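Letter by letter, the chains look like this.
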Amino acid sequence: MAQHPDAQPPASHFIDGAYVEDPAGDPIDVIYPATGKSIARLRAATPATVDRAVASAKAAQAAWARASGAERGRVLRRAAEIIRARNRDLSVLETLDTGKPLSETLVADAASGADALEYFGGIAAAITGAHIPVAGGDFVYTIREALGVCAGIGAWNYPTQIACWKAAPALACGNAMVFKPSETTPLCALKIAEILVEAGAPPGLFNVIQGAGATGAALVTHPGIAKVSLTGSVPTGQKVAAAAAGGIRHVTMELGGKSPLIVFEDADLDTAVSGAILGNFYSSGQVCSNGTRVFVQAPVLAPFLARLTARLQRAVIGDPMDEATNFGPLVSAAQLARVEGYVAAGLAEGARLIHGGKRLDRPGYYLEPTVFADVTDRMTIAQEEIFGPVMAVLSFATEDEALARANATDFGLAGGVFTRDLARAHRVAAALEAGTCWINAYNLTPVEAPFGGVKRSGIGRENSAEAIAHYSQVKSVYVALGPLEAPF
Ligand code: NDP
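I will try to describe carefully the structure that is included in this document. (Residues numbered from 1 in each chain as written. Predicted model: local features only at pLDDT ≥ 70, side-chain atom pairs only at ≥ 80, totals over all residues. Heavy atoms only, no water.)

A look at the pattern of salt bridges
Under the counting rule described, the total for this entry stands at 21 salt bridges. Salt-bridge contacts for Arg420 lead to Asp268; the nearest nitrogen and oxygen are separated by 3.9 Å. Linking Arg420 in the loop between β17 (414-418) and α15 (422-431) with Asp268 in the loop between β12 (260-263) and α10 (269-281), this pair joins segments that are 152 residues apart in sequence. Overall, Asp268 belongs to the partly exposed group, its relative accessible area being 33%. Arg424 serves as the salt-bridge partner of Glu399, at 4.0 Å between the closest nitrogen and oxygen. Here Arg424 lies in helix α15 and Glu399 lies in helix α14 (residues 399-407), a separation of 25 residues in the sequence. (Salt bridge = Lys/Arg side-chain N within 4 Å of Asp/Glu carboxyl O. Helix = DSSP H or I, 4+ residues; strand = E, 2+ residues; numbered from the N terminus. Buried < 20%, exposed > 50% of the residue type's maximum accessible area, 1.4 Å probe, protein only.)

And the structure:
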């Protein structure tokens, strides 16, 4: 096994402020997607390690919840500073973990994680209750309490960002967290755990354990866990929410999508093409909120496709560590095979392949950016989440038709509209059944804005002050000032 010098962590898990090995755990080979070669070997957590991680988080949480919001916030903001100072190293690790080009990871991943820690560090001291006057001069006050130990479970597309988006609000509210990354991308969350300790977080406050679905399932049903936040697919979300329901645990579910991106004939076409590229090919299409059903109004369909295919010629596909590269491999051989299956389904069902569609003749899991035109609503590639670089272009005649077709899905994560008509833009955004909408933009997710899905795409919101409600609970305290009357 060729070990990459930057990739192998000292041990598989990070518990109670230190790296910990679990020699009895199943081996996990970490594969660099650009070469297909193993760059590190870790081991999954056995149930004893899951117990140890939860116990250590529980021990750390009580004192952390008693600390002032200002103290908690300071630690999170310090962690944000350390992440920013080490952006390049963390970005290289993100690229090794995921295969995403360094040109992306340098600006998108650790940076977004730092934004979350800074934002929630900034508002930690402002998490307060309310004073509610009631009859007779009595009053109620509310206390916003931590939940306890939260479980975070991540997908493989944004391992640094997902760890931070979950840890930051959880810790700001006074919780501890045990985080399980995807076994496909286990490296980055360990660095976040290290950095939090360096920033002053008590050992145990943020623990990382490795493993596949079985480890995740053991964590979700552990009696010490008060809340589960999952980023993953809808089928996994259904399993995890059902398992969490056994203990009436709080859940946040950030799940998949098949989001519509609607281009009206009056849109600035170059902007719309940019939106479609960002919403389909960034991170080689492995983004949950991608606008993979691109509805284009019939009169501008031909020029839209012409400009799109011309722009795709400019994609620089290659070594992700070369900063000139802007399109990298898929995360794994399994994901590549899955996406190739969808390309085959598109062809078999009569969609017209107008760009890409082939694997690259080089090591690693590369598939060309792929565009299908003449896609109809019933085709598999218009219905199922592909999670790869495959755009389906559909045409439409009227706004009402576009909206009805856009909403005819069980998913509801995101949606985009491109138009110069102000009233239409807001009308369409209001009518889209989606948790996040963009007008003349796509896939921008600043920490200040709530992010999450409706319908089967999820429950709860990440980022923004909204996330505080999902990592805390409210206690109501009634205060009587006068004598208390009773019937007898
Ligand atoms: P999966 O649903 O396969 O896995 C998500 C995580 O859950 C992984 O860590 C996985 O472990 C774990 N897991 C699997 N089974 C169980 C179980 N029974 N109990 C507990 N945990 C379990 O998703 P992917 O990793 O394949 O990621 C792609 C999916 O994530 C896409 O559907 C995408 O849309 C979605 N996603 C949603 C986002 C959002 O914010 N809405 C953002 C990013 C991605 P392991 O993988 O190690 O087996």
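From this point, things continue past the structure.
A short note on the pairing of strand β7 (residues 149-153)
Summarising burial for β7: five of the five residues are buried, a large majority. Here β7 shows two buried faces, one formed by Val149, Ala151 and Ile153 and the other by Cys150 and Gly152. Relative to strand β8 (residues 176-180), β7 is paired through five bridges, and the arrangement is parallel. In the strand pairing of β8, Gly152 is matched with Phe179. One crossover worth recording links β7 to the parallel β8 by way of helix α6 (residues 159-172), and it is right-handed. Across five bridges, the pairing between β7 and strand β10 (residues 225-231) is parallel. Note on β10: the bridge partner recorded for Gly152 is Ser229. (Pairing = 2+ DSSP bridges. Right-handed = clockwise from strand over helix to strand, strands pointing away.)

Focus: the sheet that holds strand β6 (residues 139-146)
Spatial strand order, β5-β6-β20: three strands in an open sheet with antiparallel pairing. In the strand order of this sheet, the two ends are held by β5 (131-133) and β20 (472-479), each with one partner. Along the sheet, successive strands turn relative to each other by an average axial angle of 25°, direction set aside. (Axes fitted to C-alpha atoms, helices over the stretch in contact; angles between N-to-C directions.)

Describing the environment of Arg311
Within the secondary structure, Arg311 sits in helix α11 (residues 301-312). Counting along the chain gives 67 residues from Arg311 to Ala244, while the straight-line C-alpha distance between them is 45 Å. Side chain to side chain, Arg311 and Ser274 meet in a polar contact 2.7 Å long. (Polar contact = N/O pair within 3.5 Å; in protein donor to acceptor, adjacent residues only side chain to side chain.)

As for the site of the ligand
The full set close to the ligand counts 28 residues, and Gly154, Glu183, Ser233, Thr236 and Glu385 are the nearest of them. Take Gly154: an N or O atom from its main chain is 2.7 Å from an oxygen atom of the ligand. Between the ligand and Ser233 there is a distance of 2.7 Å, counted from an oxygen atom to a side-chain nitrogen or oxygen. Contact with the protein chains covers 86% of the free accessible surface of the ligand, which is 900 Å². Residue assignment for the shell around the ligand shows that the elements contributing at least two residues are α8 (213-220), β10 and α9 (234-246). Of all the elements, α8 adds the most residues to the shell around the ligand, at three residues. Its residues placed into classes, the shell around the ligand shows 13 nonpolar, 11 polar and four charged. (Near = heavy atom within 4 Å. Areas by Shrake-Rupley, 256 points an atom, 1.4 Å probe, with all protein chains shown as cover. Nonpolar A, V, L, I, M, F, W, Y, C, P; charged D, E, K, R; others polar.)

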